[in-house]
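Descriptive analysis of the structure
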Amino acid sequence: ILMKTEKERMLKALALVNDVQTLTKDNQFEKYLHQHLIVVEYELQRQLRLINEDERRGLQIGNSEYSDAAKQQ
């Protein structure tokens with residue numbers, strides 16, 4: 001499946017980490033695996049948060065540009 005945006009890829013990666021955590025429940029080395037997966041999960045969440053902040057800033061800029069253009073008319 002082709003994912004078009006970085007946001008879609010981050011969301012898919014988070015879902016996959018969640019799947020691995022679920023699949024390794026009751027595994028003999030569950031704690032060891034999960035302590036490493038949590039680092040990956042937090043980094044993916046951090047990157048997703050940055051993407052969302054960029055999108056919000058873009059919307060705010062776009063909205064202010066739109067309102068400025070409307071005022072000029």
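Keep in mind that this is a model prediction, so the values were computed, not measured.

This part covers the overall build of the protein chain. Looking only at helices and strands, the protein chain has two helices and zero strands in total. For the protein chain, the proportion of its 73 residues judged to be buried stands at 15%.

Moving on, we come to the nonpolar core. Counting seven residues, the largest nonpolar core consists of Met10, Leu14, Val17, Leu37, Leu44, Leu48 and Ile51. For this core, the secondary structure elements donating two or more residues are α1 (6–23) and α2 (30–72). No other element matches α2, which puts four residues into this core. Leu14 has contacts with Glu41, Leu44, Gln45 and Leu48, leaving out every residue within four places of it along the chain.

Assignment of secondary structure puts Thr24 in the loop between α1 and α2. In terms of polar contacts, Thr24 uses its side chain to reach the backbone carbonyl oxygen of Val20, at 2.8 Å. Those residues in contact with Thr24 that sit more than four places away from it in its chain are Glu30, Leu33 and His34.

Judged by side-chain polarity, Phe29, Tyr32 and Leu33 come together as a nonpolar surface patch covering roughly 320 Å² of accessible area. Along the polypeptide, Phe29 turns up in the loop between α1 and α2.

The subject of this paragraph is the pattern of salt bridges. Side-chain pairs of opposite charge can arise where the charged atoms are in close proximity. The tally for this structure, following the rule as stated, stands at four salt bridges. Ionic pairing is found between Glu6 and Arg9, a salt bridge with its closest N-O pair at 2.5 Å. Here the residue Glu6 and the residue Arg9 both occupy positions in helix α1, the gap between them amounting to three residues, near one helical turn. Note on Glu6: relative accessible area 35%, which makes it partly exposed. Using a relative accessible area of 37% as the deciding quantity, one classes Arg9 as partly exposed.

Scoring rules and cut-offs
- Residues numbered from 1 in each chain as written.
- Predicted model: local features only at pLDDT ≥ 70, side-chain atom pairs only at ≥ 80, totals over all residues.
- Heavy atoms only, no water.
- Helix = DSSP H or I, 4+ residues; strand = E, 2+ residues; numbered from the N terminus.
- Buried < 20%, exposed > 50% of the residue type's maximum accessible area, 1.4 Å probe, protein only.
- Core = buried A, V, L, I, M, F, W, Y, C linked by side-chain atoms within 4.5 Å.
- Contact = heavy atoms within 4.5 Å.
- Polar contact = N/O pair within 3.5 Å; in protein donor to acceptor, adjacent residues only side chain to side chain.
- Patch = residues over 30% accessible without salt bridge, like charges linked within 9 Å, V, L, I, M, F, W, Y side chains within 5 Å.
- Areas by Shrake-Rupley, 256 points an atom, 1.4 Å probe, with all protein chains shown as cover.
- Salt bridge = Lys/Arg side-chain N within 4 Å of Asp/Glu carboxyl O.

Function cannot be inferred from these measures alone, as they are strictly geometric.
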